[in-house]
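# Per-entry structural report
Spelled out, the chains give:
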Amino acid sequence: MGFLSMGQPCFLRQAKISGQRYNPQILCFLRYLCVLRFMVLPLLLFCGEIETMKAILAEAYGGPEVLTVEDVPVPQVGPHGVLVQVRAVSVNPIDWKLRQGSLKALRDYVFPVIWGSDLSGEVVETGGAVTLFKPGDEVYGFKDGNVAKTFRGTYAEYVAIPEKSLAKKPANLSFEEAASVPAAALTAWQALLKKGRLKPGQRVLVHAGAGGVGIFAVQIAKTFGAYVAATAGAHNQQFLRELGADLAIDYEHERFSERVSGCDVVLDGVGSGVWRDSLSVLKLGGRLISLVPSAPTDAAGRAGFVTTVAARLAAAKINAALRGRRFAPVFVKPRGGDLEKIGALLEAGKIRTVIDRVFPLEQIGEAHRLSEAGHVRGKIVLKVS
Ligand SMILES: NC(=O)c1ccc[n+]([C@@H]2O[C@H](COP(=O)([O-])OP(=O)(O)OC[C@H]3O[C@@H](n4cnc5c(N)ncnc54)[C@H](OP(=O)(O)O)[C@@H]3O)[C@@H](O)[C@H]2O)c1
């Protein structure tokens, strides 16, 4: 059971302090005032007056060592919020990019932060305006780290999440399998079908087809009737074919631009190294959908950073347009509606998830290191309870 053996909170969503009840706003106010955080909360936690949970907290940007297991208050839900008892979460590259502070010029978080965006679990409480879920429902979802500087992500025993970011867990998936799906599959779905406008019979090239996004992109594109080429290292060629790729390309020994051409859509989850050649394999009017629009890594001030990113995106669009192609960056959105459609494909057995490794939540540092190495096959999952 490890650190997950704590008792169930009673889900009285108001904290008791010396016999009195305080509303959620007051509790939030207390939590986020820095000075009070170090004085009042520890006292209340020590006295056992607030329901607590285990969470992976980061007190600063840095390496995996900044992630520590801590006791923190169970979050409150707002009117449209759902409190989920988390059973499993997954690791996405964005988690360690945020942890490192690589994107801090775009959004500088207020610490402490709980990272993590994917979850699966059971609903234990719903806000007054929630209509889609009720306690006991098994759900999975994607919590967007882009909305609040005081991010409380999913690396925790309980997570408050907007109902629109959730969907019912596919019945044929375990909690670990379900947690591996949301961010990666939503990205593939939104990139191919919404930005890429992929149609049956079209040709698509999926870079990094063996990674988290790639495994779903290859399968979704096949399900929608496309011809699919995908890139991966030599050891993943057979794996790509098992996922359904019509053409597996070994990026370690082959130039993809010599193996495939006339594509309607290219999904780029690799970045700068493949950008230029990707334009050349697109047919006229084809779309290059980028998951990793090149961004400066230095934090030269927010305005400068944003301007530089905007300038690079504009340059990429102009460059593609001059060659008669389109360039479109994708930023995944937490849409429960899309997740429901993905869930239907999973339940029908038309697509599947692939889990590389499952860690206990306490081994979050190990899991981040593995993801950072860049060669995960499918997804890394963390078991919470
Ligand atoms: N914009 C967005 O909203 C959004 C959303 C999700 C992800 N992303 C970004 O998209 C990228 C991919 O995400 P992910 O979750 O799929 O990452 P991931 O799971 O960590 O990707 C790992 C895979 O990348 C493959 N790979 C590494 N170098 C490659 C290369 N040069 N050519 C082809 N394949 C290569 C590896 O295959 P081998 O082992 O065979 O090398 C491995 O299977 C990340 O940078 C992530 O941050 C962006």
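See the structure printed just above.
In this report, we go over the structure that sits alongside the text.

Rules used in this analysis
- Residues numbered from 1 in each chain as written.
- Predicted model: local features only at pLDDT ≥ 70, side-chain atom pairs only at ≥ 80, totals over all residues.
- Helix = DSSP H or I, 4+ residues; strand = E, 2+ residues; numbered from the N terminus.
- Buried ≥ 20, exposed ≤ 12 C-beta atoms within 10 Å, placed from the backbone.
- Contact = placed C-beta atoms within 7 Å.
- Core = buried A, V, L, I, M, F, W, Y, C linked by C-beta atoms within 7 Å.
- Domains from an automatic or database assignment.
- Arc of directions from axis to C-beta.
- Pairing = 2+ DSSP bridges.
- Axes fitted to C-alpha atoms, helices over the stretch in contact; angles between N-to-C directions.
- Near = placed C-beta within 6 Å.
- Nonpolar A, V, L, I, M, F, W, Y, C, P; charged D, E, K, R; others polar.
- Parallel < 35°, antiparallel > 145°, perpendicular 65-115°, else oblique.

Once that is clear, we can look at the overall build of the protein chain. Of regular secondary structure, the protein chain possesses eleven helices and 17 strands. Within the span of the protein chain, comprising 385 residues, buried residues form 44% of the whole. Taking as baseline every contact in the protein chain between residues at least 6 positions apart, the subset at least 24 positions apart corresponds to 67%.

In this structure, Leu192 and Val204 are the most contacted members of the largest nonpolar core, which totals 102 residues. Among the elements that take part in this core, helix α5 (residues 182-195) stands out by supplying eight residues, more than any other. The residue makeup of this core includes at least three contributed by each of domain 1 (2-181 + 353-383) and domain 2 (183-329). Among all residues touching Val204, those that are not within four sequence positions of it are Leu192, Leu198, Ala221, Ala226, Val228, Cys263, Asp264, Val265 and Leu267.

Another aspect to go through is helix α8 (residues 272-281). Among all positions of α8, only Val274, Trp275, Ser278, Leu279 and Val281 are buried. Down the axis of α8, the smallest arc covering the buried residues is 155°, so these residues share one side. Facing away from the buried side of α8, by more than 90 degrees, are the exposed residues Gly273 and Arg276.

Here we come to the sheet that holds strand β14 (residues 282-290). Hydrogen bonds between backbone groups are what pair the strands of a sheet, and the pairing can be parallel or antiparallel. Strand order in the open sheet made by the six strands is β12-β11-β10-β13-β14-β15, with parallel pairing throughout. The open sheet has two edge strands with one neighbour each: β12 (247-250) and β15 (326-329). Between one strand axis and the next, the sheet turns by 15° as a mean value, whatever way the strands run. In this sheet, β12 lies alongside strand β11 (residues 227-232) in parallel orientation, the contact comprising four bridges. Paired with Ala230 across the strands is Ala248, a residue of β12. Strands in contact with α5 are β10 (203-206), β13 (263-268), β14 and β15; relative to β13, the strand with the most contacts, it is inclined by about 155°. Across the face of the sheet, α8 comes into contact with β10, β13 and β14 while running at roughly 165° to β13.

Attention now goes to the site of the ligand. Lining the immediate surroundings of the ligand are 30 residues, of which Ala210, Gly211, Gly212, Gly233 and His375 lie closest. Among the secondary structure elements, those contributing two or more residues to the shell around the ligand are α3 (93-100), α5, α6 (212-223) and β11. Here the residues of the shell around the ligand sort into 16 nonpolar, 13 polar and one charged. When residues of the shell around the ligand are assigned to domains, at least three fall in each of domain 1 (2-181 + 353-383) and domain 2 (183-329).

What follows concerns the packing of α3 against helix α11 (residues 364-372). Where α3 contacts α11, the axes come no closer than 9 Å and their chain directions differ by 105°. The orientation of α3 relative to α11 falls into the category roughly perpendicular. In this structure, α3 uses Pro93, Asp95, Trp96 and Arg99 to contact α11, whose residues at the interface are His368, Ser371 and Glu372.

Along α11, the residues that are buried comprise Ile364, Ala367, His368 and Ser371. Each buried residue of α11 sits inside an arc of 100° when the element is viewed along its axis, so together they form one side. Looking at the buried residues of α11, the elements they touch are β3 (52-58), β4 (67-73), β5 (81-91), α3, β16 (355-360) and β17 (379-383). In the segment just after α11, Gly374 is the residue with positive phi, at about 85°.

With that out of the way, let us pick up unusual backbone geometry. Phe111 connects to Pro112 through a cis peptide bond whose omega is 5°. Relative to the helices and strands, Pro112 is located in the loop between α3 and β6 (118-126). At Arg197, a residue that is not glycine, the phi angle is positive and equals roughly 50°. Residue placement: Arg197 occurs in the loop between α5 and β10. Positive phi outside glycine occurs at Ala208, with the angle close to 55°. Within the secondary structure, Ala208 sits in the loop between β10 and α6. Judged by the 25 C-beta atoms lying within 10 Å of it, Ala208 falls in the buried class.

In short, the description is geometric, and any link to function would need to be established separately.
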